[in-house]
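What the coordinates show
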Amino acid sequence: MNAQLASARADRARPVHVGEHLRQWRQRRHLSQLDLALDAEISARHLSFVETGRAAPSRDMVLKLAERLDVPLRERNVLLVAAGYAPAFQQRPLDDPALKPAREAMNLVLKAHEPNPALAIDRHWNLVAANRMIAPLLTGVPPRLLAPPLNVLRVALHPEGLAARTVNLAEWSGHLLERLHRQCEATADADLLKLYQELKSYPFPARSAPLVADSVAIPLRLRVGTDVLSFFSTTMVFGTPVDITLSELALETFFPADELTAIRLKEMVTSP
């Protein structure tokens, strides 16, 4: 009975027309109707009519509002279908011939980044590709956490994963969880929210002190053998993608944050 009630409530919460979808995205972006209307160069009255279902937006209007709201490409297709139009954006597998240039560019970046670690992830932080410097850092992680689809955040924060060897786990876990939370807010992705709730349930130590004011970045300080290696990371995405798969791909690149780490990485890449 409770399950039926929960299902009924969920059904009532789902948008029934494109206007409700747009209103939810507008509220998620913390914009008023007037703000969005001015940005989209339409009247606030017309936008109000669209959101309430009293006016049917054109295909171009749906795409224009979605662009102004920075709606992910995957969800722009949802908006179009809700408005009665065909989806505008394709989703090809990464091995599709059309994505060959992007795939080659990704592999080039990963390879060129050696001896530093680098990896590519999809929208749910599942591993897509990695250079050879990632494997040595995963030594000791249980095979079940490394089985496909390997989730990078789960491996990083699981008590049996890299968390056991992360010296500054309080700061690093806080950084990753805050980043994932922002991604959940930006995309409204149900699977990401589920992942966030799972990761939050892991036991993390409390931060002992606030970040130092002159800190450049939060490093990952990982114990590897008898050494503690220190990394800072950057994220790269493809510019102006119109394919869903490509728009959701990100490259995470790690750089040595101290001289010891740089030396050890060079030794790893030259060792047999």
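Before reading further, recall that the structure is shown in the block above.
Figured I'd write up the structure that's included with this text. If you're wondering where the values come from, they're calculated on a predicted model, not measured in any experiment. (Residues numbered from 1 in each chain as written. Predicted model: local features only at pLDDT ≥ 70, side-chain atom pairs only at ≥ 80, totals over all residues. Heavy atoms only, no water.)

1. Here we look at the packing of aromatic side chains
Under the counting rule described, the total for this entry stands at three aromatic pairs. Measuring from ring centre to ring centre gives 5.5 Å for Phe232 and Phe255, while their planes differ by 15°; the resulting arrangement is stacked. Taken together, the residues span a long stretch of sequence, with Phe232 in strand β4 (residues 227-237) and Phe255 in strand β5 (residues 250-256) at a distance of 23 residues. Classification of Phe255 by relative accessible area gives partly exposed; the value is 27%. The ring centre of Trp25 lies 4.5 Å from the NZ or CZ of Arg28, which sits over that ring. Over the ring of Phe49 we find Arg54, and its NZ or CZ is 4.0 Å from the ring centre. (Phe/Tyr/Trp six-rings, centres within 6.5 Å; stacked < 30°, edge-to-face > 60°. Helix = DSSP H or I, 4+ residues; strand = E, 2+ residues; numbered from the N terminus. Buried < 20%, exposed > 50% of the residue type's maximum accessible area, 1.4 Å probe, protein only. Lys NZ or Arg CZ within 6 Å of the ring centre and 35° of its normal.)

2. Description of the pattern of salt bridges
Under the criterion given, the structure shown has 16 salt bridges. For Arg264, the salt bridge identified is with Asp227, shortest N-O distance 2.6 Å. In this pair, Arg264 is assigned in helix α13 (residues 259-270) and Asp227 in strand β4, connecting sequence segments 37 residues apart. Judged by its relative accessible area of 24%, Arg264 is partly exposed. Through salt bridges with shared partners, a single ionic network connects Arg74, Arg123, Asp189 and Glu248. (Salt bridge = Lys/Arg side-chain N within 4 Å of Asp/Glu carboxyl O.)

3. With respect to helix α10 (residues 169-187)
The end-to-end C-alpha distance of α10, which contains 19 residues, comes to 26 Å, matching closely the 27 Å that a straight helix rising 1.5 Å per residue would cover. Taken together, the buried positions of α10 are Leu169, Ala170, Glu171, Trp172, Ser173, Gly174, Leu176, Leu177, Arg179, Leu180 and Cys184. On its buried face, α10 sits against α9 (152-157), α11 (190-200), β3 (220-224), β4 and β5. (Expected span 1.5 Å × (residues − 1). Contact = heavy atoms within 4.5 Å.)

4. Re the layout of surface pockets
Counted as a void, the largest pocket has a volume near 930 Å³. Considering the residues around the largest pocket, the lining is formed by 33 residues, among which Pro72, Gln183, Thr187, Ser247 and Glu248 are closest to the centre. When residues in the lining of the largest pocket are grouped by element, the largest group, five residues, is from α10. Class assignment for the residues of the lining of the largest pocket results in 15 nonpolar, five polar and 13 charged. (1 Å grid on protein atoms, 1.4 Å probe; cavity = no way out; pocket = protein on both sides within 12 Å on 5 of 7 lines; lining within 4 Å. Points joined across faces, edges and corners; volume = space filled by probe spheres on them. Nonpolar A, V, L, I, M, F, W, Y, C, P; charged D, E, K, R; others polar.)

5. So, empty space enclosed by the protein
Considering all chains together, one arrives at one cavity of 30 Å³ or more under this definition. Estimated volume of the largest cavity: approximately 350 Å³. Along the wall of the largest cavity there are 24 residues; nearest its centre are Leu119, Val152, Ala156, Leu162 and Phe254. Broken down by secondary-structure element, the contributors of at least two residues to the lining of the largest cavity are α9, α10, β3, β4 and β5.

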